[in-house]
Amino acid sequence: MACLDIGVVGAAGRMGQSLVREIVEKDGVRLVAASECDAHAALGQDAGALAGLGTLGVKITDDSEQVFEIADSVLEFSSPQATVIHAGLAASRGVSHVIGTTGLSVGEEAELRVASGQTAIFWAPNMSIGVNVLIALAERAAAALSDDFDIEILEMHHKHKVDAPSGTALALGNAVAKGRGVKLEEVSQRARDGITGERRRGDIGYAVLRGGDVVGSHSVILAGENERLELAHQATSRQIFAAGAVRAAIWLRKQPSGLYGM
């Protein structure tokens, strides 16, 4: 099979650099284009050199349209607004699009579904295999235990993360809500402050921590009388997300138009 030509949007960011490294190290794929937002300090730099790999001959530009013209598949971990625009580019050019962006609104998710009518789009709030196993286990645990067990979701990320709760924490919340046969938006408790009163039976609570360089930490706590079950995942490197994204791009090339996930 021919080598898969991949472009990276947001190539100068922490995840972008991880994606560049993963593409270079993975057989059967190659980096052909990279972009960043307007006026970014990395514009004009070699994507490989920035990622610590040496010169690859792929300059970082501010022309995301060119990335979608050159590549067979485009990987993106960026802002929700940019992601929706780029999904439209992917649709108009028939390029597959792998998205790890979090914080999308309901309307923005709907726009991804519209774009996926014309091309194959893969969107997951977390590309880690381990995290997706955690999501499946959380759903099963919630289904097995009654609402005598209070559910709390705890997540921590680095101080630069701009959305909260994380996309993974929301996915965990949806999983445990599904396990209990309820809708997350009806039982979600996002914040507590002051005199809150007793915890409402059946609520799914969230606690969000930000600090340092934490890649990602997620826990689902099911607290009952005299016992507590905790399911947890710790990410120690962004390379697990990059590996999942590249794996998704390879898988996606054989799929018809549609919206896919982990």
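Residue positions are counted from 1 within each chain, in the order its sequence is given. The model is predicted, so local features are restricted to residues of pLDDT at least 70 and side-chain atom pairs to those at 80 or more, both for listing and for counting; the totals for chains, interfaces and linings are taken over all residues. Side-chain metrics rest on all non-hydrogen atoms present in the structure, leaving aside hydrogens and water.

**Some thoughts on the layout of surface pockets**
Site definitions follow a grid-based scheme: protein atoms alone, a 1 Å grid, a 1.4 Å probe that fits but cannot get out for cavities, and for pockets an open set with protein on both sides within 12 Å along at least five of seven lines, plus lining residues having an atom within 4 Å of a point. Grid points are joined across faces, edges and corners, and a volume is the space filled by probe spheres set on the points. What the largest pocket holds in volume is close to 1,000 Å³. Surrounding the largest pocket, 40 residues form its lining, Met-15, Phe-77, Ser-78, Ser-79 and Thr-101 being those nearest its centre. Counting from the N terminus, the helices are DSSP H or I runs at least four residues long and the strands are E runs at least two residues long. If you list the elements that add at least two residues to the lining of the largest pocket, you get helix H1 (14-25), helix H4 (80-93), helix H7 (167-180) and strand S10 (216-224). Under the scheme applied, nonpolar residues are Ala, Val, Leu, Ile, Met, Phe, Trp, Tyr, Cys and Pro; charged residues are Asp, Glu, Lys and Arg; polar residues are all the others, including Gly. Tallied by class, residues from the lining of the largest pocket come to 11 nonpolar, 22 polar and 7 charged. When its volume is computed, the second largest pocket comes out at roughly 550 Å³. Lining of the second largest pocket is provided by 20 residues; of these, Glu-109, Gly-167, Leu-170, Ala-171 and Asn-174 occupy positions nearest its centre. Of all the secondary structure elements, the ones that give two or more residues to the lining of the second largest pocket are helix H5 (106-115), helix H6 (129-144), H7 and helix H8 (184-187).

**Describing the packing of aromatic side chains**
By convention, a stacked pair of Phe, Tyr or Trp rings (six-membered ring in the case of Trp) has centres within 6.5 Å and planes under 30 degrees apart, an edge-to-face pair has planes over 60 apart, and any other such pair is tilted. On inspection of all chains with the given rule, the structure shows 2 aromatic pairs. Seen from their ring centres, Phe-122 and Trp-251 are 6.2 Å apart, and the 75° between their planes marks the pair as edge-to-face. Note that Phe-122 is positioned in strand S6 (residues 120-123) and Trp-251 in helix H9 (residues 239-252), a separation of 129 residues in sequence. Only protein chains enter the accessibility calculation, which uses a 1.4 Å probe; a residue whose area is less than 20% of its type maximum is buried, one above 50% is exposed, and one in between is partly exposed. Among the residues examined, Phe-122 registers a relative accessible area of 4% and is labelled buried. Classification of Trp-251 as partly exposed rests on a relative accessible area of 39%. Arranged with centres 5.2 Å apart and planes meeting at 85°, the rings of Trp-251 and Tyr-260 form a pair that is edge-to-face. In this structure, Arg-190 packs its charged tip against the face of Tyr-206, placed 5.5 Å from the ring centre. Charges are assigned to positions over rings by a cutoff of 6 Å between ring centre and Lys NZ or Arg CZ, combined with an angular limit of 35 degrees from the ring normal.

**Regarding the pairing of S10**
Most of S10 sits out of view: 7 of its 9 residues are buried. A pair of strands is considered paired only if DSSP assigns at least 2 bridges between the two. Where strand S7 (residues 150-157) lies against S10, 7 bridges are found, and the strand directions are antiparallel. Following the sheet pairing, Met-156 is matched in S10 by Ser-217. The pairing of S10 with strand S11 (residues 227-235) spans 9 bridges and is classified as antiparallel. Bridge pairing in S11 places His-218 opposite His-233. What sits between S10 and S11 in their antiparallel hairpin is a turn of 2 residues, with Asn-226 showing a positive phi close to 70°.

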